[in-house]
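# Examination of the molecular architecture
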Amino acid sequence: MNKAIIMGRLSADPELRKTESGISTCRFTVAVQEDYKNKDGSRDVDFINCKAWRSTAEYVSRYFKKGSRIAVIGKNKCDVYEKNGEKQYYNYVKAESVEFAGYNKSTSGTTDDADRDFPAEFDEIICENSPF
């Protein structure tokens, strides 16, 4: 069985593209915070690459943006390609379904702390560590 279930925040706005045949595809990265704390009391964050296709891709690009909480269900995939004569591996989750995983900001621009599972300073570092 190959099943991936992740929940976190988008580290950047999703990138919607079309293939030559007109099929929508969307790349995005989900920042997922570890359940445990380090020795210094902070939590590590994993950045998980995701791809969505067709209507799921259009849905993600239209309704999600950097910082949005998202739940993704899909499959672990690995694309292999050559770059400068060397094999490169790109691991990602092929999103089969996505859902909103909480409310982000109010109309006044404030964040509801009860809904936040990341520390306030996370919003500042989320892009610095993202591979995209």
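For the structure itself, consult the block above.
This text gives an overview of the structure that appears in the document. These figures come from a predicted structure and were not determined experimentally.

Time to look at the side chain of lysine 51. Assignment of secondary structure puts lysine 51 in strand β4 (residues 45-53). According to the relative accessible area criterion, lysine 51 is buried, its value standing at 13%. A polar atom in the side chain of lysine 51 sits 2.7 Å from the side chain of aspartate 79.

Okay, the pairing of strand β1 (residues 4-10) next. With respect to burial, β1 is a largely interior element, five of its seven residues being buried. Across six bridges, the pairing between β1 and strand β5 (residues 69-83) is antiparallel. Along β5, the bridge assignment pairs isoleucine 5 with isoleucine 73. Of the strand pairs in this sheet, β1 and strand β3 (residues 24-33) are connected by two bridges, and their pairing is antiparallel. The residue of β3 that forms the bridge with leucine 10 is valine 30.

Here is what the cut-offs are and how they apply
Residues numbered from 1 in each chain as written. Predicted model: local features only at pLDDT ≥ 70, side-chain atom pairs only at ≥ 80, totals over all residues. Heavy atoms only, no water. Helix = DSSP H or I, 4+ residues; strand = E, 2+ residues; numbered from the N terminus. Buried < 20%, exposed > 50% of the residue type's maximum accessible area, 1.4 Å probe, protein only. Polar contact = N/O pair within 3.5 Å; in protein donor to acceptor, adjacent residues only side chain to side chain. Pairing = 2+ DSSP bridges.

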